[in-house]
Amino acid sequence: GEPTRIEHRILCRNGSWMWVEARCRPVADSDGVVQEMVLWSRDITERKRMEDALKLAAQEWRTTFDAANSAIFVLDLDHKIRRCNKAAARLAGIEPHQMIGRYWRELVAGAEMSQTFRRRMDTLWNVFSFYLTYAKIDIYQPPVAGGEKGAEPVPFAQRSDLDRWIITRSQR
């Protein structure tokens, strides 16, 4: 049959607690009658500590992100809003969930946006457009590893967000 998996804590002889992942699998004979169970387990205490630390860090990030007084948008490479904080939603005049998945330019052009929001986002767009325009004119070549002439280019995935954005947009 299929293995069963559970995670649980056990109390060790020294008084400490340990997280254990236990699995068991029934072993049946040719008639399908279970004859024995195979059991195995492993210590997952460190993994559980890391999961807890990651959950805490994520919660702290969400709390800080939403508590910031400045409007913050997380955009994908196509300029769609992946996440925004409460200040961004207040500035836009709509609920945060109404912004997710939409192009920020669409929101700027939309009637529901405040003039202040449009002005600020247009300024941001103009800055990005400026960088992109001059990147194309100058045939922008992002920095190479170590900044040395003749060195191999820095792999795309290791470049800064701005470099990746410029490269992606300049190749369209």
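Definitions and limits used
Residues numbered from 1 in each chain as written. Predicted model: local features only at pLDDT ≥ 70, side-chain atom pairs only at ≥ 80, totals over all residues. Heavy atoms only, no water. Helix = DSSP H or I, 4+ residues; strand = E, 2+ residues; numbered from the N terminus. Buried < 20%, exposed > 50% of the residue type's maximum accessible area, 1.4 Å probe, protein only. Contact = heavy atoms within 4.5 Å. Areas by Shrake-Rupley, 256 points an atom, 1.4 Å probe, with all protein chains shown as cover. Salt bridge = Lys/Arg side-chain N within 4 Å of Asp/Glu carboxyl O. Patch = residues over 30% accessible without salt bridge, like charges linked within 9 Å, V, L, I, M, F, W, Y side chains within 5 Å. Pairing = 2+ DSSP bridges. Core = buried A, V, L, I, M, F, W, Y, C linked by side-chain atoms within 4.5 Å. Axes fitted to C-alpha atoms, helices over the stretch in contact; angles between N-to-C directions. Expected span 1.5 Å × (residues − 1).

## Some remarks on the overall build of the protein chain
Looking only at helices and strands, the protein chain features five helices and five strands. Each helix (α) and strand (β) of the protein chain, taken in turn from the N terminus, gives the series β-β-β-α-β-β-α-α-α-α. Across the 172 residues that make up the protein chain, the buried fraction comes to 23%. In the protein chain, once contacts between residues fewer than 6 apart in sequence are set aside, the share between residues at least 24 apart is 23%. Carbon and sulfur atoms make up 54% of the accessible area of the protein chain, which totals about 12400 Å².

## Examining the pattern of salt bridges
Evaluated as defined, the whole model comprises 10 salt bridges. Glutamate 51 is the salt-bridge partner of lysine 48, the closest N and O atoms lying 3.8 Å from each other. Of this pair, lysine 48 and glutamate 51 both sit in helix H1 (residues 45–67), separated by three residues, roughly a single helical turn. Bridged by salt links that share partners, the residues Arg5, Glu7, Glu21, Arg23, Arg42, Arg47, Lys48 and Glu51 form one connected network.

## Overview of a nonpolar patch on the surface
The grouping of Val34, Met37 and Leu39 at the surface amounts to a nonpolar patch, some 310 Å² of accessible area in total. Structurally, methionine 37 can be placed in strand S3 (residues 34–43).

## Notes on the pairing of S3
Two elements, strand S2 (residues 17–28) and S3, share nine bridges in a ladder whose sense is antiparallel. Looking at S3, one finds that proline 26 is bridged to methionine 37. In this antiparallel pair of consecutive strands, S2 and S3, the connection spans five residues, and glycine 32 shows a positive phi of 85°.

## Some details on the pairing of S2
Note on strand geometry: in a regular strand, side chains alternate between the two faces of the sheet. By the bridge criterion, eight bridges tie strand S1 (residues 4–11) to S2 in an arrangement that is antiparallel. When the sheet's bridge partners are listed, arginine 9 is paired in S2 with tryptophan 19.

## So, the nonpolar core
As a rule of thumb, nonpolar side chains are buried together in soluble globular proteins. Counting residues in each nonpolar core, the largest one holds nine residues, listed as Phe73, Ile81, Cys84, Ala88, Ala89, Ala92, Ile94, Met99 and Trp104. Take this core: its biggest share by element is three residues, from helix H2 (residues 86–92).

## Comments concerning the sheet that holds S3
What the three strands build is an open sheet, ordered S1-S2-S3; its pairing is antiparallel. Taken across any chain shown, the strands that pair with only one partner, and hence form the sheet edges, are S1 and S3. With strand direction ignored, the average angle separating the axes of adjacent strands in the sheet is 30°.

## Digging into H1
Because an α-helix completes one turn every 3.6 residues, residues spaced three or four positions apart along the sequence face the same direction. Look at H1: 33 Å from first C-alpha to last across 23 residues, which is about the 33 Å you get at 1.5 Å a residue. Burial in H1 covers these residues: Thr45, Lys48 and Phe65. Buried residues along H1 sit against S1, S2, S3, strand S4 (73–75) and strand S5 (81–84).

Spatial relationships are all this shows, so hold off on functional conclusions.
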